[in-house]
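Observations on the model geometry
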Amino acid sequence: MILHVDMDAFYASVEERERPELVGRPVVVGGTPEGRGVVAAANYEARKFGIHSAMATSTALRLCPDVVVLPVRMSHYAEVSRQIRDIFFRYTPLVEPLSLDEAFLDVSGCESLFGTAAKIARLIKAEIMEETSLVASVGVAPNKFLAKIASDVEKPDGLVIVPPDQIQSFLDPLPVGRIWGVGKVTGGVFDRLGIHTIEQLR
């Protein structure tokens, strides 16, 4: 089984952890509006206003004038990422990072040591919280494609398990936009064709 571990609003969550007065406020990490900066990360309070990563910071401020804009501290986030990756390696040597805040873990050969993939996912989530005070969402599935979709379904703080015999029932009701790689352009094409769910696409 494969785990996809995805840290929830990683950069913004690190900032909130270190500045507790920001908890409950809309926060983005990114460039300044004067410098034509963009949002690198937005916490869930900011997302309620429609703010998202890759959006111009000036647009984020129009959507929510009270949003707190913090500079990117990439070296610091990289150090926190290394702490989290060390936790992964306690359970499997087969770790494939996608970025500082997400990675695939192949735990197929480790279940005799640590228990089921679902148990390993719970242990990793708990250790990340205990050691870094940060929240991770985890998808557990037979392959990377499914695990990545599963990790996103119940964010934040999600844990979604897709057993091999329930793959179709898991996928079918999901919006076609959940497919990894389907963005606004492709999603718009499907919408014009009347295809809204993965079942319809299948």
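Located above this text is the structure these notes cover.
This section reports on the structure supplied with the text. For clarity, every value in this text was computed on a predicted model and none was experimentally measured.

Okay, the pairing of strand β7 (residues 136-141) next. Counting buried residues along β7, 6 of its 6 residues qualify, which places the element largely inside the surrounding structure. Of the two faces of β7, the one carrying Ala 136, Val 138 and Val 140 and the one carrying Ser 137, Gly 139 and Ala 141 are both buried. Pairing analysis gives 3 bridges linking β7 to strand β8 (residues 159-161), with the strands arranged parallel. Each bridged residue has a counterpart across the sheet, and for Gly 139 the counterpart in β8 is Val 160. With respect to chirality, the unit in which β7 leads through helix α7 (residues 144-153) into the neighbouring parallel β8 is left-handed.

Under the criterion given, the structure shown has 5 aromatic pairs. With 5.9 Å between their ring centres and 55° between their planes, Phe 10 and Tyr 11 make a pair best called tilted. As far as burial versus exposure is concerned, Phe 10 and Tyr 11 are alike and both buried. An aromatic cluster of at least three residues, connected via ring pairs, comprises Phe 10, Tyr 11 and Tyr 77. The side chain of Arg 47 reaches across the aromatic face of Tyr 44, ending 4.3 Å from its centre.

Cut-offs applied
- Residues numbered from 1 in each chain as written.
- Predicted model: local features only at pLDDT ≥ 70, side-chain atom pairs only at ≥ 80, totals over all residues.
- Heavy atoms only, no water.
- Buried < 20%, exposed > 50% of the residue type's maximum accessible area, 1.4 Å probe, protein only.
- Helix = DSSP H or I, 4+ residues; strand = E, 2+ residues; numbered from the N terminus.
- Pairing = 2+ DSSP bridges.
- Right-handed = clockwise from strand over helix to strand, strands pointing away.
- Phe/Tyr/Trp six-rings, centres within 6.5 Å; stacked < 30°, edge-to-face > 60°.
- Lys NZ or Arg CZ within 6 Å of the ring centre and 35° of its normal.

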